[in-house]
Number of protein chains: 2
Amino acid sequence: METSSPASSRRTSIGSQRNPDSEEAILSAAEAILREAGLAAFSIEAVARRAKAGKPTIYRWWPSKAALLLDVYHRQKHHGHMPDTGDVRSDLALFVTSLLAFWRDDGGAIFRSLIAEAQSDPAALEALRRYLLERWRQSGAIIQRAQKRGEVRPEIDSDLTIEILSGFAWSRLLTGRLDCSEDEIRAVIDAVVGGIAAR
Amino acid sequence: METSSPASSRRTSIGSQRNPDSEEAILSAAEAILREAGLAAFSIEAVARRAKAGKPTIYRWWPSKAALLLDVYHRQKHHGHMPDTGDVRSDLALFVTSLLAFWRDDGGAIFRSLIAEAQSDPAALEALRRYLLERWRQSGAIIQRAQKRGEVRPEIDSDLTIEILSGFAWSRLLTGRLDCSEDEIRAVIDAVVGGIAAR
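Remember, predicted model here, so these are calculated numbers, not experimental data.

Undergrad: Outline the pattern of salt bridges, listing residues and values.
TA: Applying the stated criterion to the full structure yields 34 salt bridges over all chains. Across the salt bridge formed by B:Glu31 and B:Arg75, the nearest N and O atoms sit 3.0 Å from each other. One end of the pair, B:Glu31, is in helix α2 (residues 20-37); the other, B:Arg75, is in helix α5 (residues 65-75), with 44 residues separating them in the sequence. Owing to a relative accessible area of 19%, B:Glu31 belongs among the buried residues under this scheme. Measuring nitrogen to oxygen at the nearest pair gives 2.9 Å for the salt bridge that ties B:Glu155 to B:Arg153. Judged by relative accessible area, which is 57%, B:Glu155 ranks as exposed. One continuous salt-bridge network, built from bridges that share partners, spans A:Glu163, B:Arg172, B:Arg177 and B:Glu184.

See the structure below:
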């Protein structure tokens, strides 16, 4: 992803400084395990073995499996969460399309399990929530630019609009229905931009 | 819930007939375990012990923990998924409000774990998907009635509209943010009914 890592701000409260080389080795190892063997094979132990790092080191930097998964997820190349075509419908259609496409590739498996982990682990839930609020705020720029252009009403809450579209994408991810047609995506954007009401 | 159980249609392909008394005993036992000890204590074994039923009986009727959870979830009293006030904004606001309220009570814990289970168990995913498609179709009646009244454009997809609102509710549930203000719910309904575009 193109933007600065929200993980780095989470780290400021942790006293121990990360070593960039070890951090890279650990994240690469985690990514390789996920790619080659999937989530079932993913554990702090397996990552430590592959990265030739100590488990305490990993736990010092990532307090839970979910925190490590979140950083791996964030490192994956996902472009298109802040499109800027000059037209709000195109921007929002690109936002949804690229999110679903990213999830159809590697990203979806990691994000599904992050959400699953967060339902039984309060620390994972808190990390996921912080990450998402920051992401929605960033993508909210799509709406704010459209407000400056006069395309979107000034009182509209930009983060909330992004959460509505993102929630639709979650519904598709979490029910295994990522193969969303262009027509369906257009219908979703039409509903949110133009409304469903008779004119 | 007031409507016929989607579970009953799932059962038609299963040869073994359920005994209504045993079924009731098993579902009550499952519900009691969830209420008293939470999901961590929930297993087919624990339900069998409490219901004084054989594990093979339970597995014959519910092929997975998720299938049993889904039936317990469906049995919980959740009113308000098909409000009919004569006004589409009021109906949709009630739909979202009552879903979030139901989840803040007992329903949310079960539904969160159903979604989590479905991310690692393909049979659970399939059961959840079928259940939801049926639910969204039912609640789609809100939109269809509004279309007959001329409030909503005829080309709008009713199920998709419900999925958008439901996706927003999922986002709130799965990030632990069920305390949604009335203003926020109104803003979501405004976006979907009236659109965010400048008029």
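Undergrad: Which residues make up the packing of aromatic side chains, and what values go with them?
TA: In the structure shown here, the tally under the stated rule is 14 aromatic pairs over all chains. Here the aromatic rings of A:Trp103 and A:Phe111 are separated by 5.2 Å at their centres, their planes lie at 15°, and the arrangement is stacked. Here A:Trp103 falls in the buried class, since its relative accessible area comes to 4%. Seen in terms of ring centroids, B:Tyr73 and B:Tyr131 are 6.3 Å apart; in terms of plane orientation they differ by 70°. Their pairing is edge-to-face.

Undergrad: For the interface of chain B and chain A, give the residues involved together with the corresponding values.
TA: Contacts between the two partners involve 43 residues from chain B, matched on the other side by 43 residues from chain A. For the pair chain B and chain A, the two sides together bury roughly 3800 Å², of which 63% comes from carbon and sulfur. Looking only at chain B, the three residues that lose the most surface to chain A are B:Gln119, B:Arg153 and B:Ile196, adding up to 20% of its buried area. Where chain B packs against chain A, one counts 4 salt bridges. A:Glu163 is the salt-bridge partner of B:Arg172, the closest N and O atoms lying 2.9 Å from each other. Taken together, the connections running from chain B to chain A amount to 28 residue pairs in polar contact (both at pLDDT 80 or more). Residue composition of the side of chain B that touches chain A, grouped by class: 25 nonpolar, 9 polar and 9 charged.

Undergrad: For the domain arrangement of chain A, give the residues involved together with the corresponding values.
TA: When the domains of chain A are assigned, the result is domain 1 (15-62) and domain 2 (88-194). Centre-to-centre separation of domain 1 of chain A and domain 2 of chain A, based on C-alpha positions: 28 Å.

Undergrad: Talk me through the nonpolar core; I want residue IDs and the actual numbers.
TA: By size, the foremost hydrophobic cluster in this structure holds 131 residues, and its most contacted members are A:Trp103 and B:Trp103. Every residue in contact with A:Trp103, bar those within four places of it in the chain, is listed here: A:Tyr73, A:Gly108, A:Phe111, A:Ala169, A:Trp170, A:Leu173 and A:Leu178.

Undergrad: Outline the layout of surface pockets, supporting the account with residue identities and numerical values.
TA: Gaps left between atoms show up when a probe the size of a water molecule is rolled over them. Here the largest pocket defines a volume of roughly 670 Å³. Every residue lining the largest pocket is counted, 27 residues in all, and those nearest its centre are A:Gln119, A:Ser120, B:Ser113, B:Ala116 and B:Glu117. Of all elements in the fold, only α6 (88-118) of chain A together with α2, α5 and α6 (88-118) of chain B reach the threshold of two or more residues within the lining of the largest pocket. At 7 residues, the largest contribution of residues to the lining of the largest pocket is made by α6(B). Here the lining of the largest pocket is built from residues that sort into 10 nonpolar, 8 polar and 9 charged.

Undergrad: If you had to explain the relation of the copies chain B and chain A to someone new, which residues and values would you point to?
TA: Superposition of the two copies of the chain requires a rotation about an axis and a shift along the axis. Its rotation angle being 180°, the transformation that places chain B on chain A also includes 0.0 Å of axial translation and leaves an RMSD of 0.1 Å. Here the two chains are linked by the operation of a two-fold rotation axis. If distances are taken from each C-alpha of chain B to the rotation axis, the shortest is found for B:Gly195, at 1.7 Å. Both copies share a contact surface, since 100% of the interface residues of chain B are interface residues in chain A too.

Undergrad: Describe the packing of helix α5 (residues 65-75) of chain A against helix α7 (residues 122-139) of chain A, listing the residues and the values that go with them.
TA: Residue and element names in this part refer to chain A. Viewed as axis vectors pointing N to C, α5 and α7 meet at an angle of 25°, and their least axial separation amounts to 9 Å. Our classification of the angle between α5 and α7 gives roughly parallel. In contact with Ala 66, Leu 70, Tyr 73 and His 74 of α5, α7 contributes Ala 124, Ala 127, Leu 128 and Tyr 131. Looking at the contact of α5 with α7, its residues break down into 7 nonpolar, 1 polar and no charged.

Undergrad: Quick rundown of the environment of A:Ala46? Include the residues and the values.
TA: All names here are of chain A. Along the chain, the position of Ala 46 falls in helix α3 (residues 44-51). With a relative accessible area of 12%, Ala 46 lands in the buried category. Filtering out sequence-adjacent residues up to four positions away, Ala 46 remains in contact with Ile 33 and Ala 41.

Analysis parameters
Residues numbered from 1 in each chain as written. Chains lettered and ligands numbered in written order. Predicted model: local features only at pLDDT ≥ 70, side-chain atom pairs only at ≥ 80, totals over all residues. Heavy atoms only, no water. Salt bridge = Lys/Arg side-chain N within 4 Å of Asp/Glu carboxyl O. Helix = DSSP H or I, 4+ residues; strand = E, 2+ residues; numbered from the N terminus. Buried < 20%, exposed > 50% of the residue type's maximum accessible area, 1.4 Å probe, protein only. Phe/Tyr/Trp six-rings, centres within 6.5 Å; stacked < 30°, edge-to-face > 60°. Contact = heavy atoms within 4.5 Å. Buried area = accessible area lost by both parts, 1.4 Å probe. Polar contact = N/O pair within 3.5 Å; in protein donor to acceptor, adjacent residues only side chain to side chain. Nonpolar A, V, L, I, M, F, W, Y, C, P; charged D, E, K, R; others polar. Domains from an automatic or database assignment. Core = buried A, V, L, I, M, F, W, Y, C linked by side-chain atoms within 4.5 Å. 1 Å grid on protein atoms, 1.4 Å probe; cavity = no way out; pocket = protein on both sides within 12 Å on 5 of 7 lines; lining within 4 Å. Points joined across faces, edges and corners; volume = space filled by probe spheres on them. Least-squares fit on C-alpha atoms with pLDDT ≥ 70 in both. Axes fitted to C-alpha atoms, helices over the stretch in contact; angles between N-to-C directions. Parallel < 35°, antiparallel > 145°, perpendicular 65-115°, else oblique.

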